[in-house]
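# Structure at a glance
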Amino acid sequence: MAATSVKVARLTTLALFSPSPTPSGPKSTKRRARAPPPISISMDPALVDPAHLQALMLACAHNCALRLSPALSVSAVEPVDLSKLRTALAHSFIVVSVFCGARFLTDDREGEGEGQRFLGLELGLERQGERRLVGFGRAVSDLGLTASVHDIVVHPSLQRRGIGRKIVNKITRVLHSRGIYDISALCTEKERPFFEACGFGDDMMGSTTMLYTRKSHK
């Protein structure tokens with residue numbers, strides 16, 4: 001299968017130090033986001049079950065594997081390899097996970113306490129009433145100058161309730177406390193408005209992200 005180009009946009013919090021245009025035109029008519037259900041937020045990587053994270057990513061059609069294999073089609077959503085996911089978690093500088101009771105997930109309709117299935121994987125993973133992983137995000141960093149944000153996902157039934165923004169805010173606050181302000185996010189055009197709402201913008205130095213697309217060395 002021929003490699004498919006992935007259109008990405010590099011956003012960085014460095015844009016926060018640039019003048020922002022003054023909003024103009026009629027006021028937005030967007031509906032106010034609904035309040036999230038009772039949630040708990042953790043920064044302990046040990047609380048993240050890689051299998052649960054894999055299922056959450058699939059529920060969100062979030063494909064980490066695209067970065068691992070350029071030959072994959074953009075439209076092919078596949079589960080990321082669990083061993084690679086464990087390694088990514090172990091080597092991430094910051095891991096933020098969000099949990100809430102399964103009863104608050106409105107798309108759990110298949111039987112008593114059982115979740116939906118996606119590509120043959122169980123998305124419920126826990127009995128009704130128990131807490132479930134519903135949001136996740138992580139950052140990698142050189143611990144001195146730069147950092148990048150990856151894999152921000154929120155369960156589809158809880159999106160547009162401010163949970164994703166809480167995850168990103170948690171990450172950026174920790175990075176800023178360490179004196180790291182060059183924070184980038186690799187995102188698709190569809191994800192760009194979300195990151196802009198979180199304070200990201202075009203790099204004021206005009207840099208862009210390029211992905212290595214040559215076939216892997218044998």
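Notes on the structure in this doc start here.

Cut-offs and rules
- Residues numbered from 1 in each chain as written.
- Predicted model: local features only at pLDDT ≥ 70, side-chain atom pairs only at ≥ 80, totals over all residues.
- Heavy atoms only, no water.
- Helix = DSSP H or I, 4+ residues; strand = E, 2+ residues; numbered from the N terminus.
- Buried < 20%, exposed > 50% of the residue type's maximum accessible area, 1.4 Å probe, protein only.
- Contact = heavy atoms within 4.5 Å.
- Areas by Shrake-Rupley, 256 points an atom, 1.4 Å probe, with all protein chains shown as cover.
- Core = buried A, V, L, I, M, F, W, Y, C linked by side-chain atoms within 4.5 Å.
- Phe/Tyr/Trp six-rings, centres within 6.5 Å; stacked < 30°, edge-to-face > 60°.

## Some details on the overall build of the protein chain
Check the secondary structure of the protein chain and you find 5 helices and 9 strands. Put simply, the protein chain runs from its N terminus to its C terminus through helices and strands in the order β-β-α-α-α-β-β-β-β-β-α-β-α-β. The 218 residues of the protein chain split such that 38% are buried. Look at the contacts in the protein chain between residues 6 or more apart in sequence, and 77% of them connect residues 24 or more apart. Put simply, the protein chain shows about 13300 Å² of open surface, and 53% of that area lies on carbon and sulfur atoms.

## Points about the nonpolar core
The biggest cluster of nonpolar side chains holds 25 residues, and the ones touching the most others in it are Val149, Ile167, Ile171, Leu175, Phe195 and Phe200. Considering every element that reaches this core, the biggest residue donor is helix α4 (residues 163-177), with 5 residues. When neighbours within four sequence positions are excluded, Val149 is seen to be in contact with Arg138, Ala139, Ile171, Ile183, Ser184, Ala185, Leu186, Phe195 and Phe200. In terms of nonpolar packing, the next biggest core, distinct from the first, is built from 13 residues, Val80, Leu89, Phe99 and Phe136 among them.

## Notes on the environment of Ile41
Mapped onto the elements of the fold, Ile41 is located in strand β2 (residues 39-42). The sequence separation of Ile41 and Cys100 amounts to 59 residues, and the corresponding C-alpha distance is 9.1 Å. Those residues in contact with Ile41 that sit more than four places away from it in its chain are Val96, Ser97, Val98, Lys166 and Lys170.

## Some details on the packing of aromatic side chains
Taken as a whole, this structure holds 2 aromatic pairs when the rule is applied. Relative to Phe195, the ring of Phe194 lies with its centre 5.1 Å away and its plane at 75°, an arrangement referred to as edge-to-face. A relative accessible area of 30% places Phe194 in the partly exposed class. When the ring of Phe195 is compared with that of Phe200, the centres are 5.6 Å apart and the planes differ by 80°; the resulting orientation is edge-to-face. On the accessibility criterion, Phe195 (5% relative accessible area) is buried. Residue class for Phe200 comes out buried when judged on its relative accessible area of 5%.

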